[in-house]
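Working through the structure, step by step
Listed below, chain by chain, are the residues.
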Amino acid sequence: AVLVSAAGFSVWPHLFMRSYAAKSDRNLRLSVVLYPTFLIFLVPILLIGFSGIVAFPGVEQADSILPHILMQLDLNPLVIGLFCAGALAASMSSGDAILHSAASIGVRDGISKIFPNSLNDRDERKLIQMFVILIGLVAYLFAVVIDVSIVALLLGSYGGVAQILPVVLAMFYWRRATKAGALAGLIGGIIVNTLCLIFPEIKPLPMHEGIYGLLVNISLLSVVSLLTKPDEPGRVSKFIDS
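Residue positions are counted from 1 within each chain, in the order its sequence is given. Owing to the predicted nature of the model, reporting of local features is limited to residues with pLDDT of at least 70; listing and counting of side-chain atom pairs is limited to 80 or more, with chain, interface and lining totals taken over all residues. Note: side-chain values were computed over all heavy atoms of the structure, leaving out hydrogens and water.

1. A short note on the overall build of the protein chain
Here a strand is any run of E in DSSP of at least two residues, a helix any run of H or I of at least four, and the numbering for each starts at the N terminus. Within the protein chain, the regular secondary structure consists of 12 helices and zero strands. The helix and strand sequence of the protein chain, counted from the amino end, reads α-α-α-α-α-α-α-α-α-α-α-α. Burial classes follow relative accessibility: with a 1.4 Å probe on protein chains only, a residue under 20% of its type's maximum area counts as buried, one over 50% as exposed, and anything between as partly exposed. Relative to its 242 residues, the protein chain shows a buried fraction of 28%. By definition, residues are in contact when any of their heavy atoms lie within 4.5 Å. Put simply, of all contacts in the protein chain between residues at least 6 apart along the chain, 71% involve residues at least 24 apart.

This is the structure in structure tokens:
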């Protein structure tokens, strides 16, 4: 799970899109490699969660352990309120970035590619706004109606998102990678990850489904790229030699 989280964190759309503001191509490639190191800052949070579960074993929802600990401490209500307000602000800042990224990608890289030259800027903006509302309603459904913990949702989503990382690394560091290989690896990795997530009994070993997806992804990316015609050297140099 740690490996999948590190790989997936690097290419979450709302985080990876910020790399477009990099000063140079070298900084862009470097950010892809260094992004997983951010998980080091999550170690203290994990320790708080583990120690809280040990100290308060009766908490039914594991992802609510930190608020439960705060309520058990003899703290001023104002301090607890400020902490909860800060946590809410942090979640909202991430939530709106995820909503807008998902909606814009769905329209710009999805609908506009399926129906080229059929949408103007105003139509795209309206569709993005509609997608924001639709994705928000789906998120609300998982948060309130469907009884799934946030930890399970994150682990499930990281497996699919992590399949983008091999393609990104190959784009910047492997000249022999091809479009066919990238698509084959990405599609194959997502299919395997999804099947192992829905049917966990098919996994030969009790590992995160994202690991199996990455193994298939990397294998298909490598084999299909070597079996297909290489891209034009000039086009490849734009990504690797910059």
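2. Structural notes on the pattern of salt bridges
Once the charged atoms of two side chains with opposite charge are near each other, the side chains can pair. What counts as a salt bridge is simple: a side-chain nitrogen of Lys or Arg found within 4 Å of a carboxyl oxygen of Asp or Glu. Evaluated as defined, the whole model comprises two salt bridges. Put simply, R108 and E124 hold a salt bridge, and the shortest N to O gap is 2.8 Å. Taken together, the residues span a long stretch of sequence, with R108 in helix 6 (residues 77-114) and E124 in helix 7 (residues 121-145) at a distance of 16 residues. R108 sits in the partly exposed class, given a relative accessible area of 46%. Across the pair K203 and E209 runs a salt bridge, and its minimum N-O distance is 3.7 Å. The buried category is assigned to E209, whose relative accessible area is 8%.

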